[in-house]
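Chain and residue survey
Given next are the chains, with one letter for each unit.
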Amino acid sequence: MDANSILSRRLEALDEQLQGLEQAVSEQAAPTLEDILPQVQQVVAGLLNAYAAHCGKSPCDSDDLLEVFKAFVKGDPSLNTVRDNVRELVYYHNCLQLGRLDALPRAPARMAVRTARHIYLYLRSRCEQEGRLD
């Protein structure tokens, strides 16, 4: 399997995970942000690492999404496009850690999943434009 096929399969798998998260937050008994945020962060780290690996960068296996982001953008400032979305997820994480649920937006679990979807759509379209997919 060539690198483009590997990236395509990885993006498809991450898209399926996102669809599952989107389904979960749309249900009546939707998960809380505390329950869903680690999964969202895992998907986003997977997206960033999949793209970075295809570009020849070493993946970052840190649990810290900001560290993964720093490794992701290294050498290509145009990738800062996803910065605000990553910052939003880090903000949600920090609010949970500090017990500041009052500082979160309305429906934060849904917003976190939407933010991950934005990152997916950006990277997917970028991969298509760059001819990285099979």
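Notes on the structure in this doc start here. (Residues numbered from 1 in each chain as written. Predicted model: local features only at pLDDT ≥ 70, side-chain atom pairs only at ≥ 80, totals over all residues. Heavy atoms only, no water.)

Our next topic: the overall build of the protein chain. In terms of regular secondary structure, the protein chain is built from five helices and zero strands. Going from N to C terminus, the protein chain has its helices and strands arranged as α-α-α-α-α. Taken over C-alpha atoms, the radius of gyration comes to 15 Å for the protein chain, in line with the 14 Å a tight globule of 134 residues would show. Considered along the principal axes of its C-alpha atoms, the protein chain spans approximately 45 × 30 × 20 Å. Burial statistics for the protein chain: of 134 residues in total, 40% are counted as buried. By sequence separation, contacts in the protein chain at least 24 residues apart represent 65% of the contacts at least 6 residues apart. Summed over its atoms, the accessible surface of the protein chain is roughly 7,600 Å², and 48% of this surface lies on carbon and sulfur atoms. Placing the 15 positive and 19 negative side-chain charges of the protein chain at their respective mean positions leaves the two points 5 Å apart. (Helix = DSSP H or I, 4+ residues; strand = E, 2+ residues; numbered from the N terminus. Rg over C-alpha atoms; globule rule 2.2 N^0.38 Å. Buried < 20%, exposed > 50% of the residue type's maximum accessible area, 1.4 Å probe, protein only. Contact = heavy atoms within 4.5 Å. Areas by Shrake-Rupley, 256 points an atom, 1.4 Å probe, with all protein chains shown as cover. Lys, Arg positive; Asp, Glu negative; His and termini not counted. Charge placed at Lys NZ, Arg CZ, Asp CG, Glu CD.)

Quick look at the packing of helix H1 (residues 3-26) against helix H2 (residues 33-54) now. One can describe the packing of H1 onto H2 by two numbers: an axis separation of 10 Å at closest approach and a directional angle of 165°. Taken together, H1 and H2 sit at an angle that is classed as roughly antiparallel. Crossing hand, H1 versus H2: left-handed. For the pair formed by H1 and H2, the contact residues are Ala 3, Asn 4, Leu 7, Arg 10, Leu 11, Leu 14, Gln 17, Leu 18, Leu 21 and Val 25 on the first element and Ile 36, Gln 39, Val 40, Val 43, Gly 46, Leu 47, Ala 50, Tyr 51 and His 54 on the second. Looking at the contact of H1 with H2 residue by residue, the classes come out as 13 nonpolar, five polar and one charged. (Axes fitted to C-alpha atoms, helices over the stretch in contact; angles between N-to-C directions. Parallel < 35°, antiparallel > 145°, perpendicular 65-115°, else oblique. Left-handed = near helix turned anticlockwise from the far one by under 90°. Nonpolar A, V, L, I, M, F, W, Y, C, P; charged D, E, K, R; others polar.)

Three or four residues apart is the spacing at which side chains of an α-helix point the same way, because the helix has 3.6 residues per turn. Relative to the 32 Å expected for 22 residues at 1.5 Å per residue, helix H5 (residues 108-129) spans 32 Å between its end C-alpha atoms, a close match to the ideal helical length. All of the buried residues in H5 are Pro 108, Ala 109, Ala 112, Val 113, Thr 115, Ala 116, Arg 117, Ile 119, Tyr 120, Leu 123, Arg 126 and Cys 127. Those residues of H5 that are buried are in contact with H1, H2, helix H3 (65-73) and helix H4 (83-97). Trailing H5 by a residue or two, Gly 131 shows a phi angle of about 70°, which is positive. (Expected span 1.5 Å × (residues − 1).)

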